[in-house]
Structures are given as C-alpha cells and as structure tokens.
Amino acid sequence: MRHYRSEANERWVGFPHRPGDIVISTRSKSGTTWVQMICALLVLQTPDLPAPLTLLSPWVDAEHEPPDVVRARVEAQEHRRFLKTHTPLDGLPLDDEVTYVVVGRHPLDVGLSLHHHLANLDHRRITELTGADATPPEDVDDRTWMAWWVATEEAPEEHLDRLPGVVHHAADAWTRRTERNVVLVHYQDLVDDLPGEMGRLAGRLGIEVDQARWPDLVAAASFAAMRARSEDRAPDHLGVLRDRAAFFRAGTSGRGAALLDDAQLQAYEARVAAMAPPDLVSWLHRP
C-alpha cells in the first residue's frame, strides 16, 4: 500500500468495509461528484436525495474533517455505501467484496479545472479546519497555469494533482481493468452518453433499476441538473467553497489543450507517452 503525502490515505487502514461497498477513486476534477451522484441515484433510485450528496457519499480521506467523525457518518449509513477517495488504488487496502470505480479524464482538462477549483476555495476556512497553512497559490492566468502544470515534475508520492499524479492514478487502475471488481469510467463517456454509462455502471454494480424511474434518474444526473441543485450537490458541507454553483463550472472538454501552443502540446504529449502505455494514452485522450 503506497503512501501519498497529498492524501490522508492512511485513514483507509483497518477501514471496516461491508460486502457491496462502492469506492469511487478519482483524481480531483475528473468527475468525482458526477459519479457520486450517479451512484446515489442508482442505489437510492430517487432523484430526491434524503441528504446532501457529500453526506450520503463521505470522503474518507479528507484532511479537513476528523477521521472519527467521517467514520461514524459512514458506519451510521443503512443504504449500500458509496464512498469517495482521491487515492489511487495502489494506496488502498483492496477488498474483494468492494467494487472500485475509477474515473479518468483528459489530463489537460483536469489541469484547467484544478486551476479554477483552487480559485474557488476558501483557503482561510481550510486553514481553520486543518490547522495547516492553506495559503492560496499565486494568482495567474489560465495559460500561465497550464504551462506550469504541464511542465511540473513533482512525483505522485508528493502531490497527486500534478500531471504525473493524474497519469499515475489512471495508469494504476488501467493495469487492474480486467479485475471483476474494478470499473473504469471516462468523463467523456458521461458527456457523450449519460444514459448508456449509467446503465453500464448499474450492470457492473448489480443494480436493477425500475424502468419507470429511469428517465427521472438520468435527468437528475445531468451536469445542468446538478449545477441547478448546487446547494446540496456540491461537496461543501463544511463551507470550503466560495461559490457552490461555480464548482460546476462548465463540464466541457478540450479547453485545456486550447491554452497550449504547438510546442507545449508536443512537450505534453511526449511526457505523457513516457508515463503511460499507448492504449491508456489513447483512452485518456479520446475525443
């Protein structure tokens, strides 16, 4: 089990899983909340969730909330549990009776979304919650940020939300994609065919959905519907976001690549090719 400095993944050690648990493992800004919402709809089979999504699907390794508080919330749940983590699978004690859903997205779109997300965080509030300095990053424009983000060489063990960490998270899951209890989801597939991807995920999770409810469940899982209900869909029960609606900023693809010039794109492609096998690169970069 690998340790990551940017995640509190030691909180998974000794975690009391139940048979049927679902663990949603993603890089930040890769579709985490979207897949949590889909799992909530499939498990509960109603668009009228009984609580805010972030409470229904706790983030187990969140450093801004005490571990005993999170664990108590998880253990009190009576529905089939669907839990959030930003830790790659090699940083978790894997359980054969748990299904692991790993979400991938084009790395350049992840990088741009991260920049917007950092600008939307209340860093003073995060400092209050964690006791650690959460000084906001230097305020730069999107192009400057993307050029820096693509070039950074910070290792995954040090910080997962850099280009090497984003690729590593996907690469580790890619090596496990044929395992019975590992499911890979691509952000772009959710954009292109939300009903189809929801149906595929329901099948992999062994969930039968009342077809009379299906249109309402799909509608509630749309990006627009989540943004319209951002007050109880955004992951913010502790008040760390400046603007909950801004958390669901655009949901589109291709904007990250558009910010790089030809030389920067070539350098990016060479870096990614050195980090991951060609079939994974093609999957991550799917149009």
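Residues numbered from 1 in each chain as written. Predicted model: local features only at pLDDT ≥ 70, side-chain atom pairs only at ≥ 80, totals over all residues. Heavy atoms only, no water.

Under an unreviewed UniProt entry, the name given to the protein is Sulfotransferase domain-containing protein, and the organism recorded is Iamia majanohamensis.

Engineer: I'm lost on helix H5 (residues 123-130) in this one. Help?
Structural biologist: Helical geometry note: an α-helix holds 3.6 residues per turn, so side chains three or four residues apart project in the same direction. The opening residue of H5 is Asp-122, an N-cap whose side-chain oxygen sits 3.2 Å from the backbone nitrogen of Arg-124. Gly-131 sits one or two residues past H5 and shows a positive phi near 75°. (Polar contact = N/O pair within 3.5 Å; in protein donor to acceptor, adjacent residues only side chain to side chain. Helix = DSSP H or I, 4+ residues; strand = E, 2+ residues; numbered from the N terminus.)

Engineer: For this particular structure, what's the right way to read the pattern of salt bridges?
Structural biologist: Any two side chains of opposite charge can pair, so long as their charged atoms come close to each other. One pass over the full model with this rule turns up 18 salt bridges. Ionic pairing is found between Glu-7 and Arg-27, a salt bridge with its closest N-O pair at 3.3 Å. Taken together, the residues span a long stretch of sequence, with Glu-7 in the segment before strand S1 (22-26) and Arg-27 in the loop between S1 and helix H1 (32-44) at a distance of 20 residues. According to the relative accessible area criterion, Arg-27 is buried, its value standing at 1%. Between Glu-197 and Arg-200 there is a salt bridge, and its shortest N-O distance comes to 3.0 Å. Of the two residues, Glu-197 and Arg-200 both sit in helix H9 (residues 194-205), 3 residues apart, roughly one turn of that helix. Each of Arg-2, Asp-90 and Glu-157 takes part in a single network of salt bridges with overlapping partners. (Salt bridge = Lys/Arg side-chain N within 4 Å of Asp/Glu carboxyl O. Buried < 20%, exposed > 50% of the residue type's maximum accessible area, 1.4 Å probe, protein only.)

Engineer: I tried to follow the pairing of strand S4 (residues 182-186) on my own but got confused; where do I start?
Structural biologist: Walk down a regular strand and you will see the side chains alternate between the two sheet faces. The buried fraction of S4 amounts to 5 of the 5 residues, a majority that puts the element mostly inside the structure. The alternating pattern of S4 places Val-182, Leu-184 and His-186 on one face and Val-183 and Val-185 on the opposite face, and all of these are buried. The sheet contact formed by strand S3 (residues 99-104) and S4 spans 5 bridges and is parallel. Counted as the bridge partner of Val-101 is Val-183 from S4. (Pairing = 2+ DSSP bridges.)

Engineer: Can you walk me through the environment of Thr-127 in this structure?
Structural biologist: With respect to the helices and strands, the residue Thr-127 is situated in helix H5. Classification of Thr-127 as partly exposed rests on a relative accessible area of 28%. Of note is the side chain of Thr-127, whose polar atom sits 3.0 Å from the backbone oxygen of His-123.

Engineer: It is not clear to me how the sheet that holds strand S2 (residues 82-85) should be interpreted in this structure. Could you clarify?
Structural biologist: Within a sheet, each strand pairs with its neighbour through backbone hydrogen bonds, oriented either parallel or antiparallel. Judged by pairing direction, the sheet is parallel, and its 4 strands sit side by side in the order S2-S1-S3-S4 without closing on themselves. Where the open sheet ends on each side, the last strands, each with one partner, are S2 and S4. Pairs of neighbouring strands in the sheet enclose a mean axial angle of 25°, with direction left out of account. Taken together, the 4 bridges between S1 and S2 define a ladder with parallel strand orientation. For Val-23, the partnering residue across the bridge sits in S2 and is Leu-83. (Axes fitted to C-alpha atoms, helices over the stretch in contact; angles between N-to-C directions.)

Engineer: When you look at the layout of surface pockets in this model, what are you seeing that I'm missing?
Structural biologist: Estimates place the volume of the second largest pocket at around 160 Å³. As for the second largest pocket, its lining consists of 12 residues, of which Leu-118, Ala-119, Pro-137, Glu-138 and Asp-139 are closest to the centre. Residues of the lining of the second largest pocket, tallied by class, amount to 7 nonpolar, 2 polar and 3 charged. (1 Å grid on protein atoms, 1.4 Å probe; cavity = no way out; pocket = protein on both sides within 12 Å on 5 of 7 lines; lining within 4 Å. Points joined across faces, edges and corners; volume = space filled by probe spheres on them. Nonpolar A, V, L, I, M, F, W, Y, C, P; charged D, E, K, R; others polar.)

Engineer: I keep staring at the packing of helix H7 (residues 163-174) against helix H15 (residues 262-275) and nothing clicks. Help me out?
Structural biologist: How two helices sit against one another is set out by the angle between their axes and by the gap between those axes. Where H7 meets H15, the axes come as close as 10 Å, and the angle between the chain directions of the two elements is 40°. Taken together, the axes of H7 and H15 are oblique relative to one another. The chirality of how H7 crosses H15 is right-handed. Residue-level inspection shows Leu-163, Pro-164 and Val-167 of H7 in contact with H15, the latter providing Tyr-268, Arg-271, Val-272 and Met-275. (Parallel < 35°, antiparallel > 145°, perpendicular 65-115°, else oblique. Left-handed = near helix turned anticlockwise from the far one by under 90°. Contact = heavy atoms within 4.5 Å.)

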